Amino acid sequence: MKTKFQADENGYYGEFGGAYVPGILQQCIDELRENYRKIMDEPSFQDEFNQLLRDYVGRPSPLYLSKRLSEKHGCKVYLKREDLNHTGAHKINNAIGQALMARRMGKKRIIAETGAGQHGVATATVCALMGMECVIYMGKTDVERQHPNVQKMKMLGARVEAVTSGGMTLQDAVNEALKDWCQHPEETHYLIGSAVGPHPYPDMVVRLQSVISKEIKAQLLEKEGRDYPDYLIACIGGGSNAGGTIYHYLDDERAKIILAEAGGLGLESGKTAASILLGKPSVLHGSRTLVIQDGEGNVMEPYSISAGLDYPGIGPLHACLAKEGRAQVLAVNDNEALQAAYELTRMEGIVPALESSHALAALGKVRFNPQDVVVLTVSGRGDKDMDTYIQHMEA
Ligand SMILES: *Cc1c(COP(=O)(O)O)cnc(C)c1O
């Protein structure tokens with residue numbers, strides 16, 4: 001059955017999605033669009049992908065019942081532990097899948113852009129594993145801010161290109177990566193790290209991440225005797241960990257969906273990344289979606305304490321889920337996320353990524369029934385955020 005929550009052949013989810021790319025990139029996008037489903041459906045691709053997810057990433061990631069969060073929130077809270085994956089987050093699932101696909105399409109070179117460096121590290125890791133050439137575009141400002149990740153990418157064998165155009169951040173890195181792709185379309189695959197960009201990226205990335213909800217189904221069946229929860233909760237930057245968490249439940253309304261986006265300093269503060277709650281339809285990075293804009297319709301500089309959520313748009317699937325009322329979207333401010341991180345750390349001995357802390361803070365904003373089963377995805381671990389956590393910790 002086709003619903004609005006599956007991309008149509010042109011990559012639309014209702015009014016959102018599509019592929020808005022310059023003519024010169026059309027051929028790359030066409031090649032990918034014509035091949036990605038075919039390749040993903042090949043048994044040999046599935047075998048190779050699943051084997052790496054198991055033996056290299058360490059999947060399945062545990063579904064852990066947090067007794068203390070359950071007590072506090074008056075329901076059963078399960079944590080889906082993507083933080084335990086190799087390299088510390090869910091991003092590796094997608095990076096492996098796309099690299100395998102690129103190889104099958106005869107590509108020898110991978111390019112990617114990165115802001116905070118998380119996607120750059122995941123991509124460089126997979127390129128090391130598969131012996132592929134890797135070029136990571138990163139704004140010069142970010143290169144300076146994210147020094148340890150830059151060093152890690154270099155150690156992994158990637159070339160890190162510091163981008164000095166524009167504001168020297170993520171937006172400019174995307175532009176440079178696109179320019180590179182135009183110049184080397186034959187041998188290069190552009191590995192996008194979230195459920196954003198032109199079709200087929202949002203659909204492809206969510207499918208590659210859908211292993212998360214596939215595992216949740218099996219794990220819930222074993223632990224609860226039913227394969228669906230009452231609530232699924234995840235944070236959204238571009239939407240890949242959330243997309244993977246909800247994929248196999250999109251058409252199962254018994255599972256309510258709650259998406260936590262970055263409120264930053266508050267919805268009214270002008271310093272926010274709440275692109276669903278505040279965004280208006282526009283085209284960003286090749287796709288029609290919700291984008292936070294200023295009075296003149298320019299893309300607003302997003303802000304969040306969490307680098308992974310600091311994005312002015314959102315994947316088209318999630319824009320559609322919100323518009324159709326299938327997902328409830330909550331904004332979580334910096335302070336609320338920090339408090340949720342301290343709480344999980346003290347209650348469970350798990351230091352979550354700042355991004356995941358936004359999902360954790362959403363727990364406090366929902367009224368649950370005692371019999372409710374809640375699955376919350378901890379998208380990554382907090383090692384990378386230790387400086388921020390320590391800086392904000394009250395003595
Ligand atoms: C990148 C990142 C995110 C945000 O990306 P999505 O595509 O929305 O999942 C969330 N959590 C962690 C740990 C990340 O590294």
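Residues numbered from 1 in each chain as written. Predicted model: local features only at pLDDT ≥ 70, side-chain atom pairs only at ≥ 80, totals over all residues. Heavy atoms only, no water.

Asks: Describe the site of the ligand, listing the residues and the values that go with them.
Replies: Taken together, 16 residues sit near the ligand, with Lys-91, Ser-194, Gly-237, Ser-240 and Ser-379 positioned nearest. Contact between the ligand and Ser-194: an oxygen atom at 2.5 Å from a side-chain N or O atom of the residue. Protein burial of the ligand: of its 380 Å² of free accessible surface, 97% is covered by the chains. Residue composition of the shell around the ligand, by class: four nonpolar, 10 polar and two charged. (Near = heavy atom within 4 Å. Polar contact = N/O pair within 3.5 Å; in protein donor to acceptor, adjacent residues only side chain to side chain. Areas by Shrake-Rupley, 256 points an atom, 1.4 Å probe, with all protein chains shown as cover. Nonpolar A, V, L, I, M, F, W, Y, C, P; charged D, E, K, R; others polar.)

Asks: Explain the pairing of strand β12 (residues 287–291) residue by residue, including any values.
Replies: For β12, the buried fraction is high: four of the five residues fall into the buried class. Counting the residues that bridge the hairpin from strand β11 (residues 280–284) to β12 gives two residues, and of these His-285 lies at a positive phi of roughly 50°. (Buried < 20%, exposed > 50% of the residue type's maximum accessible area, 1.4 Å probe, protein only. Helix = DSSP H or I, 4+ residues; strand = E, 2+ residues; numbered from the N terminus. Pairing = 2+ DSSP bridges.)

Asks: Help me get a handle on the pairing of strand β14 (residues 373–378), residues and values and all.
Replies: Burial analysis of β14 places six of its six residues in the buried class, which makes it a mostly covered element. The side-chain alternation of β14 yields two buried faces, one formed by Val-373, Val-375 and Thr-377 and the other by Val-374, Leu-376 and Val-378. One ladder, built from six bridges, connects strand β4 (residues 76–81) with β14; its direction is parallel. In the sheet register, Leu-79 faces β14, and the bridge partner there is Leu-376. Strand direction decides the pairing type here: strand β9 (residues 231–235) and β14, joined by three bridges, are parallel. Looking across to β14, one finds that Leu-232 is bridged to Val-375.

Asks: Would you mind going over the environment of Leu-284 in detail, with residue names and values included?
Replies: Relative to the helices and strands, Leu-284 is located in strand β11. Judged by its relative accessible area of 7%, Leu-284 is buried. Remark: the alpha-carbon pair of Leu-284 and Asp-230, spanning 54 residues in sequence, is separated by 33 Å. Non-local contacts of Leu-284, meaning those with residues more than four positions away in its chain, are made with Gln-171, Val-291, Val-299, Tyr-311, Pro-312 and Gly-313. (Contact = heavy atoms within 4.5 Å.)

Asks: For the packing of aromatic side chains, give the residues involved together with the corresponding values.
Replies: Centre-to-centre distance and the angle between the planes together describe a pair of aromatic rings. A full pass over the atoms with the stated rule returns six aromatic pairs. Ring centres of Trp-181 and Tyr-201 lie 6.4 Å apart, and the angle between their planes is 65°; this geometry places the pair in the edge-to-face category. One end of the pair, Trp-181, is in helix α8 (residues 170–183); the other, Tyr-201, is in helix α9 (residues 201–209), and 20 residues separate them in sequence. Exposure class is identical for Trp-181 and Tyr-201. Each is buried. Cluster of aromatic residues (ring-pair linked, three or more members): Trp-181, Tyr-190 and Tyr-201. (Phe/Tyr/Trp six-rings, centres within 6.5 Å; stacked < 30°, edge-to-face > 60°.)

Asks: Which residues make up unusual backbone geometry, and what are the values?
Replies: Looking along the chain, the bond that leaves Arg-59 and enters Pro-60 is cis, with omega of 0°. Positionally, Pro-60 belongs in the loop between α2 (43–57) and β3 (63–66). With an omega of 15°, the peptide bond between His-199 and Pro-200 qualifies as cis. Looking at where Pro-200 falls in the secondary structure, it is placed in the loop between β8 (188–190) and α9. You will see that Thr-87, though not glycine, has its phi angle at about 75°, which is positive. When you line up the elements, Thr-87 lands in the loop between β4 and α4 (91–104). The exposure class of Thr-87 is partly exposed, given its relative accessible area of 29%. Phi at Met-168 takes a positive value of approximately 60°, unusual for a residue other than glycine. Look at Met-168 and you get partly exposed, because its relative accessible area is 27%.

Asks: Give a detailed account of helix α15 (residues 354–362), specifying residues and quantitative values.
Replies: Burial runs high along α15: nine of the nine residues are buried. Among all positions of α15, only Leu-354, Glu-355, Ser-356, Ser-357, His-358, Ala-359, Leu-360, Ala-361 and Ala-362 are buried.

Asks: How would you summarise the sheet that holds β8 if you had to cite specific residues and measurements?
Replies: With parallel pairing, four strands are arranged side by side in an open sheet as β7-β6-β5-β8. Single-partner strands in this sheet number two, and they are β7 (159–163) and β8. The average angle at which neighbouring strand axes cross in this sheet is 20°, direction not considered. Note: strand β6 (residues 133–139) against β7, five bridges, orientation parallel. Residue pairing for β7: Gly-139 is matched across the bridge by Val-163. (Axes fitted to C-alpha atoms, helices over the stretch in contact; angles between N-to-C directions.)

Asks: How would you summarise the nonpolar core if you had to cite specific residues and measurements?
Replies: Within soluble globular proteins, side chains that are nonpolar tend to cluster in buried spots. Counting 92 residues, the largest nonpolar core has Ile-96 and Met-101 as the members making the most contacts within it. Among all residues touching Met-101, those that are not within four sequence positions of it are Leu-32, Tyr-36, Ile-39, Met-40, Phe-45 and Met-204. Ranked by size, the runner-up nonpolar core spans 29 residues in total, among them Cys-75, Ala-359, Phe-368 and Val-378. (Core = buried A, V, L, I, M, F, W, Y, C linked by side-chain atoms within 4.5 Å.)

Asks: Please set out the pattern of salt bridges residue by residue, giving values where relevant.
Replies: All chains considered together, the criterion is met by 28 salt bridges. Residue Arg-159 pairs with Glu-161 through a salt bridge whose shortest N-O separation is 2.9 Å. With relative accessibility at 27%, the residue Glu-161 sits in the partly exposed group. With a closest N to O distance of 2.8 Å, Glu-355 and Lys-384 form a salt bridge. Separated by 29 residues along the polypeptide, Glu-355 in helix α15 and Lys-384 in the loop between β14 and α16 (386–392) bring together distant segments of the chain. Taken together, the salt bridges that share partners define one network made up of Glu-42, Glu-48, Arg-103 and Arg-104. (Salt bridge = Lys/Arg side-chain N within 4 Å of Asp/Glu carboxyl O.)

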